[in-house]
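Spelled out, the chains give:
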Amino acid sequence: MGATFVVLNQRSNMMKTKQTIAIIGATGSMGTAIAKCLAQASYRLLLMGSDENKLQNLQDNIKQLNAAADADWLLCPIDASWEADIIILAVPYIAEKELAPKIAAVATGKIVISISNPITADFTGSLLPDHTSAGEELQQLLPHSKIIKTFNTTFAANFGQPVFAGNTADCFLAGNSDEALQQTAVLVEAVGFKPIITGDIKKSRTLENMQILLMQLGIKNHYNWRAGWKILHD
Amino acid sequence: MFEVLFEHIDKKITLTKEEENKLTPFFIPKKYRKRQYVLQQGDICKYIAFVEKGMLRSFQVDDKGNEHVIQFAPEGWWIADNYSFLTGSPSSYDIDVLEDAEVLLITQTALEEMLQAIPVMERYMRILMQNSLISMQNRIACTLGSNAEERYQGVLKALPNIAQRVPQHMLASFLGITPETLSRVRRQLLKNS
Ligand SMILES: NC(=O)c1ccc[n+]([C@@H]2O[C@H](COP(=O)([O-])OP(=O)(O)OC[C@H]3O[C@@H](n4cnc5c(N)ncnc54)[C@H](OP(=O)(O)O)[C@@H]3O)[C@@H](O)[C@H]2O)c1
């Protein structure tokens, strides 16, 4: 565990050229949480949403948190994705499908992060059959992009304070490109979670169902969104 | 998004429609805003960039903090720190954006895969390399031998409207002369014309 942290840190410190991250759905719960955490790190942020006032407020908020933060907002998901090195789709599962064909041409070769959990409205289970996942579906829709499933097992409420009983919550990653997984792990760490690479994009099935389970348990046991996953090991 | 690249390729080789379609997924399309960095000195140059729109430049900063412009890349030009790109060693250049730009980036892995998938592109790349060698040799010869006026006329031949598009001090830096000398040369040429 220690060793991974050191290596990731060194890599993130070494790059001087700022990466641009587009957050599509930046004014939603997850988009805002991710944006505020990333604003503390050395990234250039492009906040995309549909409401100018909310976007301006978010940008002001970010500047208050870190005067040196490099953040801009815009209304067009295509322009945001075109300018980005990494695209975070902080939107519901259904919206991923709507956005994919729009951004496909400008997302070629880029990391596209899927954070969605395709849960039914009544929280009883997944909208998808066992043999697929939102992550895999997005990879099919964007065959020339590198889809990484991550941030789907972390609640928006816990960004900025991802420590539970002394343990930093794990944040799992799945995707088909090793290089993209490594780069995204640096980003996950910058946000404050402990990155754990699980395997190829098929692992999204497990990751999405893990969070559906955690939501169900949260409701049953009144975790009040203060809950996360942690692998205990020696 | 690929119009200028296809035009550029078309001047040197012929691609079928099918080959054109095969080509596009190897490139990362990226928009940049004026003053943004594409590459900062010390980082590894992971891409070569083709400029579809706007203008990029590469430059080196010396010990005293002076900028020395290596290359201007307006639309239709390729730009990278080739040494860093090919050897994987840290770049000694910065590349930044002089005019809002639309760029196509290609990594070394994607370049290799592209050349495998579309063998005729090998010829295009060879011609590019030859041209780059020629212009590099010209640039050295120019710096060693030519006077300010010859240098200025040389750059106008390669980049006809460069004087209107970049600040004087950058153009002077590219030519390896002072801004004052550049003004003098321009006034002189105007008088003669
Ligand atoms: N909340 C959590 O704790 C949590 C944890 C893990 C994963 N997730 C996942 O994160 C995603 C977002 O959840 P959330 O809780 O942040 O939801 P949310 O607060 O409702 O935010 C969703 C955002 O998506 C945007 N959006 C919706 N459709 C869009 C479209 N077609 N194009 C562009 N933007 C669109 C909305 O923007 P407008 O309002 O401007 O339309 C909104 O900002 C979901 O997939 C969810 O499963 C959430």
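Residues numbered from 1 in each chain as written. Chains lettered and ligands numbered in written order. Predicted model: local features only at pLDDT ≥ 70, side-chain atom pairs only at ≥ 80, totals over all residues. Heavy atoms only, no water.

Participant: Please give an account of the overall build of chain B that cites residues and values.
Facilitator: For chain B, the helix and strand inventory stands at nine helices and six strands. Its C-alpha atoms give chain B a radius of gyration of 18 Å, near enough to 16 Å, the size a compact globule of 193 residues would have. In terms of principal-axis extent, the alpha carbons of chain B reach across some 55 × 40 × 30 Å. Looking at chain B residue by residue over its 193 residues, the buried ones come to 46%. Of all intrachain contacts in chain B linking residues separated by at least 6 positions in sequence, the fraction that spans at least 24 positions is 70%. (Helix = DSSP H or I, 4+ residues; strand = E, 2+ residues; numbered from the N terminus. Rg over C-alpha atoms; globule rule 2.2 N^0.38 Å. Buried < 20%, exposed > 50% of the residue type's maximum accessible area, 1.4 Å probe, protein only. Contact = heavy atoms within 4.5 Å.)

Participant: So what's going on with the sheet that holds strand E9 (residues 170–175) of chain A? Which residues, and what values?
Facilitator: Residue and element names in this part refer to chain A. Overall, mixed pairing links the eight strands, which are arranged E3-E2-E1-E4-E5-E6-E9-E10 in an open sheet. Each edge of the open sheet carries a strand with a single partner, namely strand E3 (70–74) and strand E10 (194–199). Each strand of the sheet is rotated relative to its neighbour by a mean of 25°, with strand direction disregarded. Strand direction decides the pairing type here: strand E5 (residues 111–114) and strand E6 (residues 146–149), joined by four bridges, are parallel. Of the residues in E6, the one forming a bridge with Ile113 is Ile148. Along the sheet, helix H3 (residues 52–65) contacts strand E2 (43–48) and E3; its crossing angle with E3, the most-contacted strand, is approximately 180°. Against the sheet, helix H6 (residues 134–141) engages strand E4 (86–89), E5 and E6, with an angle of about 170° to E6. (Pairing = 2+ DSSP bridges. Axes fitted to C-alpha atoms, helices over the stretch in contact; angles between N-to-C directions.)

Participant: Can you lay out the interface of chain B and chain A for me, pointing to particular residues and giving the numbers?
Facilitator: With 18 residues of chain B in contact, the opposing surface of chain A contributes 23 residues. Taking both partners together, chain B and chain A bury about 1,700 Å²; carbon and sulfur atoms supply 49% of that area. Taken as a group, Lys31, Arg33 and Asp43 of chain B account for 33% of the area that chain B buries against chain A, more than any other trio of residues on that side. Residues Asp79 of chain A and Lys31 of chain B are paired through a salt bridge, measuring 3.1 Å at the closest nitrogen-oxygen approach. Inspection of the chain B/chain A interface yields ten residue pairs in polar contact (both at pLDDT 80 or more). At the level of elements, strand E1 (28–32) and strand E2 (37–39) of chain B are the ones that each hand at least two residues to the side of chain B that touches chain A. Across the side of chain B that touches chain A, the residue classes tally to eight nonpolar, four polar and six charged. (Buried area = accessible area lost by both parts, 1.4 Å probe. Salt bridge = Lys/Arg side-chain N within 4 Å of Asp/Glu carboxyl O. Polar contact = N/O pair within 3.5 Å; in protein donor to acceptor, adjacent residues only side chain to side chain. Nonpolar A, V, L, I, M, F, W, Y, C, P; charged D, E, K, R; others polar.)

Participant: Please set out the nonpolar core residue by residue, giving values where relevant.
Facilitator: Grouped together as the largest cluster of nonpolar side chains are 40 residues, with contacts concentrated most on Leu5, Leu23, Phe27, Leu56, Met114 and Met121 of chain B. Looking at this core, the elements with two or more residues in it are helix H1 (3–10), E1, E2, strand E3 (47–61), strand E5 (78–79), strand E6 (94–107), helix H4 (108–117) and helix H5 (121–145) of chain B. Per-element tally for this core: the top contributor is E6 of chain B, with seven residues. Sequence-distant contacts of Phe27 of chain B, defined by excluding residues within four places in its chain, comprise Thr108 of chain A together with Phe2, Leu5, Trp78, Leu104, Leu105, Ile106 and Met114 of chain B. (Core = buried A, V, L, I, M, F, W, Y, C linked by side-chain atoms within 4.5 Å.)

Participant: So what's going on with the UniProt feature "domain: Pyrroline-5-carboxylate reductase catalytic N-terminal" (unreviewed entry) in chain A? Which residues, and what values?
Facilitator: Under the feature "domain: Pyrroline-5-carboxylate reductase catalytic N-terminal" (unreviewed entry), the UniProt entry names residues 20–118 of chain A. In the segment residues 20–118 of chain A, helix accounts for 42% and strand for 24%; the C-alpha atoms at its two ends are 27 Å apart. (UniProt positions renumbered as here; feature names shortened; annotations may be inferred.)

Participant: An account of unusual backbone geometry is requested, with residue identities and associated values reported.
Facilitator: Residues and elements named next belong to chain A. Phi at Phe123 takes a positive value of approximately 65°, unusual for a residue other than glycine. By the element assignment, Phe123 lies in the loop between E5 and H6. Of the residues examined, Phe123 reaches a relative accessible area of 32% and is grouped as partly exposed. In the Ramachandran plot, Asn224 falls in the positive-phi region, its phi being about 55° despite a non-glycine side chain. Locating Asn224 in the fold gives a position in the segment after helix H8 (204–221).

Participant: With reference to specific residues and values, describe the packing of H4 of chain B against H5 of chain B.
Facilitator: Residue and element names in this part refer to chain B. Where H4 contacts H5, the two axes come as close as 8 Å, and the packing angle between them is 125°. When the axis of H4 is compared with that of H5, the two are oblique. Facing H4, whose interface residues are Leu111, Met114 and Leu115, H5 presents Met121, Glu122 and Met125. (Parallel < 35°, antiparallel > 145°, perpendicular 65-115°, else oblique.)

Participant: Quick one: what's the story with H8 of chain A, residue by residue and with numbers?
Facilitator: Residue and element names in this part refer to chain A. End to end, H8 covers 25 Å across 18 residues, agreeing with the expected 26 Å (1.5 Å per residue, within 8%). Taken residue by residue, H8 has Ser204, Leu207, Glu208, Met210, Gln211, Ile212, Leu214, Met215 and Gly218 as its buried positions. Close packing links the buried residues of H8 with H6, E6, E9 and E10. (Expected span 1.5 Å × (residues − 1).)

Participant: Could you give an account of the environment of Leu214 of chain A, with specific residues and numbers?
Facilitator: As for its position among the elements, Leu214 of chain A is in helix H8. Along the chain, Leu214 of chain A and Ile231 of chain A lie 17 residues apart, while their C-alpha atoms are 14 Å from each other.

Participant: So what's going on with the packing of aromatic side chains? Which residues, and what values?
Facilitator: For the structure on display, the rule yields nine aromatic pairs over all chains. Taking the centre distance of 5.6 Å and the plane angle of 50° together, the rings of Phe151 of chain A and Phe159 of chain A count as tilted. Assessed through its relative accessible area of 0%, Phe151 of chain A is described here as buried. Taking 5.1 Å as the distance between ring centres and 65° as the angle between the ring planes, the aromatic pair formed by Phe50 of chain B and Trp78 of chain B counts as edge-to-face. With a gap of 28 residues between them, Phe50 of chain B in strand E3 and Trp78 of chain B in strand E5 connect regions that are remote in the sequence. For Phe50 of chain B, a relative accessible area of 0% puts it in the buried group. One aromatic cluster in this structure is built from Phe2, Phe6, Phe27, Phe50 and Trp78 of chain B. (Phe/Tyr/Trp six-rings, centres within 6.5 Å; stacked < 30°, edge-to-face > 60°.)

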